[in-house]
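Tertiary structure, described
Here are the chains, one letter per residue:
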Amino acid sequence: MNIPFLDLKKQYKDIQEEVDTAISRVVKRQVFILGEELEAFEKEFASYLGCKYVVGVGSGTEGLILSLMALGIGKGDEVITPVNSFIATTIAITQVGATPIFVDCYSDTYQINVEQVREKITKKTKAILPVHLYGAPCEIMKLQKIAKESNIFLVEDACQAHGAMYKNKKVGTFGDLGVFSFYPGKNLGAYGDGGAICTDSEELYKRLKRIRNYGQEEKYYSKEIGINSRLDEIQAAILRVKLKYLDEWNKERNEIAQRYKRELIGIRMQKISENTFSCYHLFVIENNKRDELRNFLKVKGIDALIHYPVPIHLQKCYEYLGYKKGDFPVSERVSDTILSIPIYPELKVNEQKYISKELNDFS
Ligand SMILES: *Cc1c(COP(=O)(O)O)cnc(C)c1O
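Scope of this entry: the structure provided in the associated data block. (Residues numbered from 1 in each chain as written. Predicted model: local features only at pLDDT ≥ 70, side-chain atom pairs only at ≥ 80, totals over all residues. Heavy atoms only, no water.)

Turning our attention to the pattern of salt bridges. Considering all chains together, one arrives at 26 salt bridges under this definition. Residue arginine 240 pairs with glutamate 37 through a salt bridge whose shortest N-O separation is 3.0 Å. Of this pair, arginine 240 sits in helix H8 (residues 233-243) while glutamate 37 sits in helix H2 (residues 36-49); the two residues are 203 residues apart in sequence, bridging distant segments of the chain. The class for arginine 240 is partly exposed, based on a relative accessible area of 24%. A salt bridge links lysine 357 to glutamate 358; the nearest nitrogen and oxygen atoms lie 3.7 Å apart. The exposure class assigned to lysine 357 is partly exposed, which follows from its relative accessible area of 46%. Residue classification places glutamate 358 among the buried positions, given a relative accessible area of 5%. One salt-bridge network, in which partners are shared between bridges, spans Arg25, Arg29, Glu36, Glu37, Glu44 and Arg240. (Salt bridge = Lys/Arg side-chain N within 4 Å of Asp/Glu carboxyl O. Helix = DSSP H or I, 4+ residues; strand = E, 2+ residues; numbered from the N terminus. Buried < 20%, exposed > 50% of the residue type's maximum accessible area, 1.4 Å probe, protein only.)

Structure below.
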């Protein structure tokens with residue numbers, strides 16, 4: 001058997017007619033930027049999330065950058081964030097000139113350590129930027145409370161967590177702002193780069209709409225310095241089609257996850273907190289002989305990936321921040337032992353069974 005980590009061709013086949021129709025609708029209209037598809041998608045995604053406003057942007061990374069810009073965060077400000085995430089979370093902080101203040105994660109859920117967040121708050125702290133890692137909600141209600149008490153902002157990196165819920169409330173809607181990525185491989189993926197920011201604040205919504213479009217409210221009149229970061233019409237039209245399937249796809253991912261949990265014997269895996277719904281962007285297991293296991297699976301035709309092999313404080317580009325090995329022991333250990341195995345709606349039952357069998361055989 002040959003099982004890729006993700007198979008977007010299969011997904012496209014299932015929805016080809018609808019997607020092709022959506023794309024050609026935009027091409028016929030010849031409006032590609034800031035048109036009716038984007039407006040409709042923003043409304044539809046806001047209603048899906050259960051929040052007042054959504055602003056479509058160029059990517060998840062830019063969504064994070066725009067969020068910090070809209071909150072007025074910059075030089076001299078501190079933003080608390082976990083070291084075990086995709087590097088884009090921290091890039092957003094340094095891109096606006098602020099200082100990332102790193103914290104470790106829990107050893108079972110791999111989510112941001114909330115106690116450490118509390119300890120790291122100083123007079124300079126402007127925001128907490130947690131991540132809902134692998135599509136599972138972090139302790140977002142505790143973070144919400146800390147942010148309120150300390151009078152600082154909460155921006156959620158929900159780039160892996162479209163449709164994930166904490167106590168039946170969609171993640172992304174707990175913070176002042178929530179950011180999503182529509183990178184093709186995400187649970188809700190475009191056919192190129194894309195992202196969105198959600199909020200209940202009319203003021204932040206208006207500011208975000210300005211700064212994603214050169215700071216303009218009226219064409220050629222810039223109120224403030226913005227950038228160019230917009231979700232284009234073709235992507236919005238495709239996302240409108242795919243949004244209708246998101247819940248079904250997330251349910252199928254959960255069914256695969258439950259089967260893995262039943263079948264895998266004595267294998268450590270990400271713990272999902274009680275009262276939460278993970279959208280299982282990734283299914284992550286642990287093994288002390290991770291690299292050996294990964295090679296073993298490769299020989300068996302199973303593609304497995306590492307998310308992520310280097311914690312952010314040890315990335316070359318952040319050497320100047322002065323962190324060193326040993327500063328965040330849990331994240332460092334986890335980065336040596338974690339492995340993501342295939343999970344996507346199109347994965348067949350027999351393929352998934354085969355993966356379980358090979359994993360059990362290895363250990
Ligand atoms: C994908 C991702 C991003 C960045 O999104 P892009 O759309 O690729 O820029 C940010 N944070 C996390 C946790 C992600 O997984």
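Taken in spatial order, the three strands make up an open sheet running E7-E6-E13, and their pairing is antiparallel. Only two strands of the sheet have a single neighbouring strand rather than two, namely strand E7 (169-170) and strand E13 (276-277). By the bridge criterion, two bridges tie strand E6 (residues 165-166) to E13 in an arrangement that is antiparallel. Looking at E13, one finds that tyrosine 166 is bridged to threonine 276. (Pairing = 2+ DSSP bridges.)

Given two aromatic rings, one states the distance between the centres and the angle between the planes to describe the pair. Under the definition given, this model contains 18 aromatic pairs. Geometrically, the ring pair formed by tyrosine 12 and tyrosine 191 is edge-to-face, given 6.2 Å between the ring centres and 75 degrees between the ring planes. Here tyrosine 12 is found in helix H1 (residues 8-29), whereas its partner tyrosine 191 is found in the loop between strand E8 (177-181) and strand E9 (195-199), with 179 residues between them in sequence. Given the relative accessible area of 26%, tyrosine 12 is considered partly exposed. A centroid spacing of 5.9 Å and a plane angle of 25 degrees characterise the contact between tyrosine 280 and phenylalanine 283, whose relative ring orientation is stacked. Clustering of aromatic rings is evident, with ring pairs tying together Phe41, Phe45, Tyr48, Phe180 and Phe182. Note that lysine 169 overlies the ring of phenylalanine 174, its terminal NZ or CZ placed 5.3 Å from the centroid. Across from the ring centre of tyrosine 48, 4.2 Å away, lies the NZ or CZ of lysine 170, which sits over that ring. (Phe/Tyr/Trp six-rings, centres within 6.5 Å; stacked < 30°, edge-to-face > 60°. Lys NZ or Arg CZ within 6 Å of the ring centre and 35° of its normal.)

Keep in mind that these numbers describe shape and distance, not what the molecule does.
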